[in-house]
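Chain residues, written in single-letter form:
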Amino acid sequence: MPIKAVLFDCDGVLVDSERTTFALLATDLVAHGLHLSQSEMETRFLGGTISGLFSAARDLGANLPDTWVDDFYTRLYACLAEGTALISGVPEVLDALDAAGIRYAVGSNGSGEKMQITLGQHPAIKARFGGHLYSGQTLGCPKPDPGLWLHAARALGVTPDECVVVDDSPSGCLAAARANIRCFGLAEHNNGAALVATGAEVIHHLRDLPARLGIA
């Protein structure tokens, strides 16, 4: 069946926000007694919510204060507002989708405010989504719950077998599998084994997507 829509994750797929997030997180965890490598943090926390991260970090021994989640959001948003670049290839991929008549939306575990801060720094790109920016936190179905992707598909008027997901986290790819939506796992810096384990098809650059959809 022809693909009618692409559902994009935001952080790490459209905007380069994860380096800032993990740098701030590493500093906080060390300050509260938990030392994890970059690889360990990504394995444990990539694609999750900050509240989920808070609980998991405490279980691992981090002595995070009860106010940490709100405090972390405040500091993170301030850092991201200083400058968050697009992931390379975003404009070209959207151009290819437009030329093929394929619609698109964003489904993120980040808050709506975070998307406004990051994607909002690129108003021409943000406008191309026509308001189809959906937060799993707001909807009450963060990944790996399939509800976020199913909501985005319904909003675009397509069925699961008429769309694909692009996500860089195991939780997002697993949510796609649970929604019965074909998924491309974006692995720019590794072999993508954790994404393959969820059933995703790995791409190593966003620019690879049009060719994989047969619209290059």
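Above this note sits the structure.
Quick summary incoming for the structure in this document. Treat the numbers as computed from the prediction; the structure is a model and nothing was measured.

1. A few points about the packing of aromatic side chains
For the structure on display, the rule yields 5 aromatic pairs. Residues Tyr104 and Phe129 carry aromatic rings whose centres are separated by 5.1 Å and whose planes lie at 75° to one another, so their mutual orientation is edge-to-face. Here the residue Tyr104 occupies a position in strand S2 (residues 103–108), and Phe129 occupies one in the loop between helix H7 (123–128) and strand S3 (133–135), the gap between them amounting to 25 residues. Residue classification places Phe129 among the buried residues on the basis of a relative accessible area of 1%. Clustering of aromatic rings is evident, with ring pairs tying together Phe8, Tyr104 and Phe129.

2. So, the nonpolar core
Ranked by internal contacts, the top residues of the largest apolar core, which has 27 residues, are Val6, Phe8, Leu97, Phe129 and Leu209. When residues of this core are traced back to their parent elements, those giving at least two are strand S1 (5–8), helix H5 (90–100), S2, strand S4 (163–167), strand S5 (182–186) and helix H12 (209–213). The greatest single-element share of this core, amounting to 4 residues, is contributed by H5. Once residues within four sequence positions are removed from consideration, Phe129 is found in contact with Phe8, Leu14, Leu94, Tyr104, Ala105 and Val106. Core analysis: the second largest hydrophobic core is formed by 23 residues, Tyr134, Leu148, Cys163 and Ala175 among them.

3. Thoughts on the layout of surface pockets
Estimates place the volume of the largest pocket at around 630 Å³. What lines the largest pocket is a set of 25 residues, among which Glu42, Leu46, Asp168, His189 and Asn190 lie closest to the centre. Elements that contribute at least two residues to the lining of the largest pocket include exactly helix H1 (18–31), helix H2 (38–45) and helix H11 (193–196). It is H2 that provides the largest number of residues to the lining of the largest pocket, a total of 4 residues. When its residues are assigned to classes, the lining of the largest pocket shows 10 nonpolar, 9 polar and 6 charged.

4. A closer look at empty space enclosed by the protein
Counting across every chain of the model gives 1 cavity of 30 Å³ or more. One number sums up the size of the largest cavity: a volume of about 300 Å³. The wall of the largest cavity is formed by 25 residues, among which Asp11, Glu18, Gly47, Gly48 and Lys114 lie closest to the centre. Within the residue set of the lining of the largest cavity, elements represented by two or more residues are H1 and helix H3 (50–59). With 4 residues, H1 is the largest single contributor of residues to the lining of the largest cavity. Here the lining of the largest cavity is composed, by residue class, of 7 nonpolar, 11 polar and 7 charged.

Reading the values: rules and limits
- Residues numbered from 1 in each chain as written.
- Predicted model: local features only at pLDDT ≥ 70, side-chain atom pairs only at ≥ 80, totals over all residues.
- Heavy atoms only, no water.
- Phe/Tyr/Trp six-rings, centres within 6.5 Å; stacked < 30°, edge-to-face > 60°.
- Helix = DSSP H or I, 4+ residues; strand = E, 2+ residues; numbered from the N terminus.
- Buried < 20%, exposed > 50% of the residue type's maximum accessible area, 1.4 Å probe, protein only.
- Core = buried A, V, L, I, M, F, W, Y, C linked by side-chain atoms within 4.5 Å.
- Contact = heavy atoms within 4.5 Å.
- 1 Å grid on protein atoms, 1.4 Å probe; cavity = no way out; pocket = protein on both sides within 12 Å on 5 of 7 lines; lining within 4 Å.
- Points joined across faces, edges and corners; volume = space filled by probe spheres on them.
- Nonpolar A, V, L, I, M, F, W, Y, C, P; charged D, E, K, R; others polar.

Treat this as a map of the structure, not an account of what it does.
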